[in-house]
Amino acid sequence: MADIVRPGKDSDLCLVTCTAPVNIAVIKYWGKRDESLILPINSSLSATLDQEQLRATTTVAVSPAFKEDRIWLNDEEESIQNPRLQTVLSEVRRHARKRPHNGDSILSKMVTWKVHICSKNNFPTAAGLASSAAGYACLVASLAKLFGVEENVSYLARQGSGSACRSMFGGFVEWRKGSEPDGSDSMAVQCFPESHWPEMRILILVVSDHKKITGSTSGMQRSVETSDLIAYRAEHVVPQRMRDIKEAIAKRDFETFADITMKDSNQFHAICQDTYPPIYYMNDTSKAIVHLVHCYNDYVGSSKIAYTFDAGPNACIYSLDEHVAPFLVLLQHFFPLPNGECYITNPSDEHIHLKKNIVNKVKLEPQTGAIKYIKQTKVGPGPQVLENGPHLLGTDGMPL
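Residues numbered from 1 in each chain as written. Predicted model: local features only at pLDDT ≥ 70, side-chain atom pairs only at ≥ 80, totals over all residues. Heavy atoms only, no water.

Participant: Please explain helix α5 (residues 216–226) as it appears in this structure.
Facilitator: Every α-helical turn comprises 3.6 residues, leaving residues that sit three or four positions apart pointing alike. Within the span of α5, buried status applies to G219, M220 and S223. For α5, the arc enclosing every buried residue in end-on projection is 90°, short of the 170-degree limit, so these residues lie on one face. Elements that come into contact with the buried residues of α5 comprise β3 (32–34), α6 (229–251) and α7 (254–274). (Buried < 20%, exposed > 50% of the residue type's maximum accessible area, 1.4 Å probe, protein only. Helix = DSSP H or I, 4+ residues; strand = E, 2+ residues; numbered from the N terminus. Arc of directions from axis to C-beta. Contact = heavy atoms within 4.5 Å.)

Structure below.
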């Protein structure tokens, strides 16, 4: 119980605060074979992003004084009756009841107490930046710590938001689709730790931070029901891509990694367009970024930059460290920020020369403000316990 805060010797209130990361898939999860259990039609693979730039923070507290379960998200109280949230709470409590209490009377009672949950993201919610993945991973990590559930709980996070199971680990993570009808073998496993590929960098190009028109849940359900391509991808394409991209990561073969990542992103969005009525997550700026990436790769002679787009217009760019600066110089030319800020200061003569040679080949007009901001990050760890806070709930169990 070293990480569980008990505010005073006369108080039974116990709380835990955790942070959890965003993950960005390179082999996409899109489509469920079971809606209620959130079981995917194909396996997927992602990189966990460092939490310095993108993270969820959650404090959970239990007390015999609480009258009901309550939750606050980004400073607003929300209904606790969300079906997925209820599933996560009931499953964590069920597992907590099964574990030995080792004579700790508080631990044996805590599972019967009501819980208060307070969670915040430091990035836009529902804008295609995997906010639900970070949020549910953070919730499950916090609850598991509070109630002493120590096994692989990624399958619990999956029942809140499918891709949340991948945010339960750092590094490169596979979500195995599993085959059991009850979903017991559909869980995430770490393939490679965050230290495996230290040169890997990720740029998040935020094109829009508004809530997307078609949510991921409804979008993938519509795709499963109407797309002729989605079943073919799950059965015939993804299994080989999973094998190939894991081999590329193991060998640190960026060119193969980049080609598979971009092709899988393209195919995912092709399925969205094959859905009826079609779904369009990418916009004109997204397509211009795709064009710029291919122009850069053509100029340098191989795939040194890779794009991937989740269910939204925002681009995730994978690159090795040496190619980040020259690509940022190009982004600064074609997508200048409206306030005159620079993506990169003092570019080298080599980077300026590269820009001059590529600009005429790109054939795009500069679009001021089309990219709102950029987050530069790297591959990072999974959920972290904040032993000394700061906590989001006070000693009375209410938001601070």
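Participant: Even after reading the chapter, I still don't get the sheet that holds strand β15 (residues 373–378), so can you show me in this structure?
Facilitator: Strands in a sheet are paired, the pairing made by backbone hydrogen bonds, and the direction either parallel or antiparallel. Read across the open sheet, the four strands follow the order β13-β14-β12-β15; overall the sheet is antiparallel. Pairing within the sheet leaves two strands with one partner each, and these edge strands are β13 (305–309) and β15. Shown here is a sheet whose adjacent strand axes are inclined to one another by a mean of 25°, direction ignored. In this sheet, strand β14 (residues 315–320) lies alongside β13 in antiparallel orientation, the contact comprising five bridges. Along β14, the bridge assignment pairs I305 with S319. The strands touched by α7 within the sheet are β12 (200–206), β13 and β14, with β13 carrying the most contacts at an inclination of about 25°. (Pairing = 2+ DSSP bridges. Axes fitted to C-alpha atoms, helices over the stretch in contact; angles between N-to-C directions.)

Participant: Before we go on, may I ask you to explain α6 in this structure?
Facilitator: If you check α6, its first and last C-alpha atoms are 31 Å apart, about what 23 residues at 1.5 Å a residue would give, namely 33 Å. When the local axis directions of α6 are compared, the greatest deviation, roughly 45°, occurs at V237, which is followed within four positions by the proline P239. For α6, the set of buried residues is I230, R233, A234, V237, V238, R241, M242, I245, A248 and I249. In this structure, the buried side of α6 is in contact with β2 (23–27), β5 (44–48), β10 (172–175), β11 (188–192), α5 and α7. R252 sits one or two positions beyond α6 and adopts a positive phi of about 55°. (Expected span 1.5 Å × (residues − 1). Bend = angle between axes of the 7 residues up to and from the residue.)

Participant: Looking at this structure, I do not really get the pattern of salt bridges. What am I missing?
Facilitator: Oppositely charged side chains can pair when the atoms bearing their charge come close. In the structure shown here, the tally under the stated rule is 13 salt bridges. For R70, the salt bridge goes to E77, with nearest N and O atoms at 2.9 Å. For R70, a relative accessible area of 22% puts it in the partly exposed group. With a relative accessible area of 42%, E77 lands in the partly exposed category. Because the salt bridges share partners, they merge into one network encompassing E174, R176 and K246. (Salt bridge = Lys/Arg side-chain N within 4 Å of Asp/Glu carboxyl O.)

Participant: For this particular structure, what's the right way to read the sheet that holds strand β9 (residues 114–121)?
Facilitator: What the six strands build is an open sheet, ordered β8-β7-β9-β6-β1-β16; its pairing is mixed. With partners counted over all chains shown, the strands left at the sheet margins are β8 (76–78) and β16 (384–385), one partner each. Bridging between strand β7 (residues 70–73) and β8 involves three bridges; their strand directions are antiparallel. From the neighbouring strand, I71 faces β8, where its bridge partner is E78.

Participant: How should the nonpolar core be read in this particular structure?
Facilitator: Most often, soluble globular proteins keep nonpolar side chains buried together rather than apart. Core analysis: the biggest nonpolar cluster contains 106 residues, and F257, I289, I317, Y318, L331 and F335 have the highest contact counts within it. At 11 residues, helix α3 (residues 131–147) tops the list of elements feeding residues into this core. Judged by nonpolar contacts, the second largest core, of 17 residues, contains C165, W175, M220 and A311. (Core = buried A, V, L, I, M, F, W, Y, C linked by side-chain atoms within 4.5 Å.)

Participant: I tried to follow the side chain of S119 on my own but got confused; where do I start?
Facilitator: On the secondary structure map, S119 appears in strand β9. By relative accessible area, S119 is classed as buried at 8%. There is a polar contact of 2.9 Å between the side chain of S119 and the side chain of T58. (Polar contact = N/O pair within 3.5 Å; in protein donor to acceptor, adjacent residues only side chain to side chain.)

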